[in-house]
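Coordinate analysis (summary)
Chain by chain, the residues:
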Amino acid sequence: AQTVTQSQPEMSVQEAETVTLSCTYDTSENNYYLFWYKQPPSRQMILVIRQEAYKQQNATENRFSVNFQKAAKSFSLKISDSQLGDTAMYFCAFMKLGNSGYALNFGKGTSLLVTP
Amino acid sequence: SQTIHQWPATLVQPVGSPLSLECTVEGTSNPNLYWYRQAAGRGLQLLFYSVGIGQISSEVPQNLSASRPQDRQFILSSKKLLLSDSGFYLCAWSVNAEETQYFGPGTRLLVL
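Residues numbered from 1 in each chain as written. Chains lettered and ligands numbered in written order. Predicted model: local features only at pLDDT ≥ 70, side-chain atom pairs only at ≥ 80, totals over all residues. Heavy atoms only, no water.

1. A look at the overall build of chain A
- What chain A contains, in helices and strands, is zero helices and twelve strands.
- When the helices and strands of chain A are placed in sequence order, the string is β-β-β-β-β-β-β-β-β-β-β-β.
- By the compact-globule yardstick of 13 Å for 116 residues, chain A fits well, its C-alpha radius of gyration being 14 Å.
- Its C-alpha atoms give chain A principal-axis dimensions of roughly 45 × 25 × 20 Å.
- On chain A, the mean spot of the 10 positive side-chain charges and the mean spot of the 9 negative ones are 8 Å from each other. (Helix = DSSP H or I, 4+ residues; strand = E, 2+ residues; numbered from the N terminus. Rg over C-alpha atoms; globule rule 2.2 N^0.38 Å. Lys, Arg positive; Asp, Glu negative; His and termini not counted. Charge placed at Lys NZ, Arg CZ, Asp CG, Glu CD.)

Have a look at this one:
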């Protein structure tokens, strides 16, 4: 079974600053996807970014980028120019590809607070 | 574009009562559909997934069941709710099993 670990239960960053959220995972698989989802106070899960394991290039989406280290099984999320609207729970998730690749395995989340 | 709806948004039910939560997807055909539960302060746990009408797979044994009566409709049910069924229930869809899952707004269920 795959496990996803987010070692930072809570983080805080000032508006306009940069913050990095950590995620590590444990798997013996070679083909998989990694995701970061954001859950604001409304509690709807919103996709932030996706990384395919076969791609060496780190994914980016506007102010959000990842540092994907496959050998180290690390997948951190960097938020640049933090905005108040970035305040949310952030979940790292792993998806195994293949016949049983249906489930997203989630970490326990990191609560990010962006302060003025 | 695709949209996913869930209702009700909030539900308070007594122990032992039945449950029916509904999820519908618009703008796509034959999606994969998923039910997740999120307990307080925790990540999401997959409960059920469906790759087509009438095809339901259960990930964890529990007091709940799921059905897919129509292509874009996914229902989560229980005959008798337990206190431990309280939580936040999220429905999700994807194009297929190896694509990104997109989530609905969720249903808050409180069993008293």
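From this point on, the discussion continues.
2. Observations concerning the interface of chain A and chain B
- Every contact between the two is made by 22 residues of chain A and, on the other side, 23 residues of chain B.
- Buried area between chain A and chain B, summed over both chains or domains, comes out near 1900 Å², and the portion from carbon and sulfur atoms is 55%.
- Inspection of the chain A/chain B interface yields one salt bridge.
- For the salt bridge of E99 of chain B with R50 of chain A, the shortest nitrogen-to-oxygen distance reads 3.2 Å. (Contact = heavy atoms within 4.5 Å. Buried area = accessible area lost by both parts, 1.4 Å probe. Salt bridge = Lys/Arg side-chain N within 4 Å of Asp/Glu carboxyl O.)

3. Concerning the pairing of strand 6 (residues 46-52) of chain A
All names here are of chain A.
- Pairing of strand 5 (residues 32-39) with strand 6 involves six bridges; the strand directions are antiparallel. Looking across to strand 6, one finds that W36 is bridged to I49.
- Connecting strand 5 to the next strand, strand 6, in antiparallel fashion are six residues, including R43 with a positive phi near 75°. (Pairing = 2+ DSSP bridges.)

4. Details of the pattern of salt bridges
- Tallying each qualifying case throughout the model produces seven salt bridges over all chains.
- The salt bridge partner of R63 of chain A is D86 of chain A, with a shortest N-O separation of 2.8 Å. In this pair, R63 of chain A is assigned in the loop between strand 7 (60-61) and strand 8 (64-69) and D86 of chain A in the loop between strand 9 (74-79) and strand 10 (88-96), connecting sequence segments 23 residues apart.
- Since its relative accessible area comes to 19%, R63 of chain A is described here as buried.
- When its relative accessible area of 3% is taken as the criterion, D86 of chain A is described as buried.
- Residue D71 of chain B pairs with R68 of chain B through a salt bridge whose shortest N-O separation is 3.3 Å. (Buried < 20%, exposed > 50% of the residue type's maximum accessible area, 1.4 Å probe, protein only.)

5. Brief notes about unusual backbone geometry
- W7 of chain B connects to P8 of chain B through a cis peptide bond whose omega is 0°.
- Following the sequence through the fold, P8 of chain B ends up in the loop between strand 1 (3-7) and strand 2 (10-13).
- For K73 of chain A, which is not a glycine, the phi torsion comes out positive at approximately 55°.
- With respect to the secondary-structure elements, K73 of chain A resides in the loop between strand 8 and strand 9.
- Of note in the backbone geometry, D81 of chain A takes a positive phi value of approximately 50° without being a glycine.
- Counting through the fold element by element, D81 of chain A comes out in the loop between strand 9 and strand 10.
- With a relative accessible area of 41%, D81 of chain A lands in the partly exposed category.

6. A look at the sheet that holds strand 1 of chain B
All names here are of chain B.
- Taking strand neighbours across the sheet as the criterion, the four strands line up as 1-3-8-7 in an open arrangement whose pairing is antiparallel. Looking along the sheet, the strands with just one partner apiece sit at the ends: strand 1 and strand 7 (65-70). When the angles between neighbouring strand axes are averaged without regard to direction, this sheet yields 20°.
- Of the pairings in the sheet, the one linking strand 3 (residues 19-26) to strand 8 (residues 73-78) comprises six bridges and is antiparallel in character. Opposite T24, over in strand 8, you have Q73 as the bridge partner. (Axes fitted to C-alpha atoms, helices over the stretch in contact; angles between N-to-C directions.)

7. Some points on the side chain of S17 of chain B
Residues and elements named next belong to chain B.
- Mapping S17 onto the fold places it in the loop between strand 2 and strand 3.
- Take S17: its relative accessible area is 11%, and that puts it in the buried class.
- Within the local environment of S17, its side chain forms a polar contact with the backbone oxygen of P14, the two atoms lying 2.6 Å apart.
- Once you skip the residues sitting within four places of it in the chain, S17 turns out to touch K79, K80 and L81. (Polar contact = N/O pair within 3.5 Å; in protein donor to acceptor, adjacent residues only side chain to side chain.)

Scope: geometric values only; no functional claims are made or implied.
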